[in-house]
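Architecture and fold: a report
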Amino acid sequence: MTPAPELLLTPPPGFVSLPLHDPDTHTGLPRYVTWFAQSLPEENIRLYGRFAVEGDAVADPVLADLAAAVVPLDGDDSVARLRQRYRARHPHADVRVIRLATGPAIVAVTAGEYRLPPDLAGHGLDTVLPRITAEFQIPAPDGAHLALMTVSTANEAGCQAVLTAAMRVADSIRVTRPQSDLHLANPSA
């Protein structure tokens, strides 16, 4: 199996990285990240954090979560096939093929609700939060991996500002060969 490439990106202004491996939890990830992490082994997630979007379009700063991962690509999937698979799993998502600096990718935007369990809400009742999520799937140049990035917010009024910030981050994503591979390929390095 080809080693996973390194993931490089320019985080949004004000991004605060949160720990992926909290010693106080058994899973290592905060429980509210399950919207992204449920289908990924924990070691594939490379970055998780929060940022605030400000600007003329929003009255108050809008908080958003960002997570990024690199996963093995299942076969020789084209971007069109990735779009088709995503649409089959999430028929209500707005799924589009886009062009980023690294080439074609897909972006899927979904809106729904996230239920925070009573033990996390602290008052014995489920808390229902709106959740607007944009997931980007970007094939790596090696053809064997897929860079995933998801950005989500609970602020419906500020979702366009968050989606604009997410697009800037997605356009900055680069996947490169692991440093150990570079040394093997160039013994004089």
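Whatever comes next refers back to the structure up there.
Before going into details, it helps to say that this report is about the structure given with it. What you are looking at is a predicted structure, and each value in this text was computed from that prediction instead of being measured.

Calculation criteria
Residues numbered from 1 in each chain as written. Predicted model: local features only at pLDDT ≥ 70, side-chain atom pairs only at ≥ 80, totals over all residues. Heavy atoms only, no water. Helix = DSSP H or I, 4+ residues; strand = E, 2+ residues; numbered from the N terminus. Buried < 20%, exposed > 50% of the residue type's maximum accessible area, 1.4 Å probe, protein only. Contact = heavy atoms within 4.5 Å. Core = buried A, V, L, I, M, F, W, Y, C linked by side-chain atoms within 4.5 Å. Polar contact = N/O pair within 3.5 Å; in protein donor to acceptor, adjacent residues only side chain to side chain.

Let us look at the overall build of the protein chain. Across its full length, the protein chain carries five helices and nine strands. Mapped from its N terminus to its C terminus, the protein chain presents α and β elements in the order β-β-α-β-β-α-β-β-α-β-β-α-β-α. Taking all 189 residues of the protein chain together, the buried fraction comes to 40%. For the protein chain, the proportion of contacts with a sequence separation of at least 24, taken over those separated by at least 6, is 59%.

Bringing the nonpolar core into the picture now. Most often, soluble globular proteins have nonpolar side chains that are buried together. In terms of nonpolar packing, the biggest core is built from 31 residues, with Leu7, Phe51, Leu66, Phe136, Met149 and Val151 touching the most fellow members. For Phe51, the contacting residues outside a window of four places in its chain are Pro12, Pro13, Gly14, Phe15, Val62, Leu63, Ala64, Leu66, Val151 and Ala165. Core analysis: the next-biggest nonpolar cluster, separate from the first, contains 13 residues, Ala69, Ala93, Leu146 and Leu148 among them.

Tracing the backbone through its elements, the reader meets Ala64 in strand 4 (residues 62-72). For the pair formed by Ala64 and Phe15, sequence separation is 49 residues and the distance between their alpha carbons is 9.4 Å. Sequence-distant contacts of Ala64, defined by excluding residues within four places in its chain, comprise Gly49, Arg50, Phe51, Val151, Ser152, Thr153 and Val162.

This paragraph deals with the side chain of Ser172. Relative to the helices and strands, Ser172 resides in helix 4 (residues 159-172). Only 2.8 Å separates the side chain of Ser172 from the backbone nitrogen of Thr10, close enough to count as a polar contact. Not counting the four nearest positions on each side in its chain, Ser172 is found in contact with Leu8, Leu9 and Thr10.

So, about the environment of Leu129. When you line up the elements, Leu129 lands in strand 7 (residues 127-139). Here the alpha-carbon distance between Leu129 and Arg115, two residues 14 residues apart in the chain, equals 6.4 Å.

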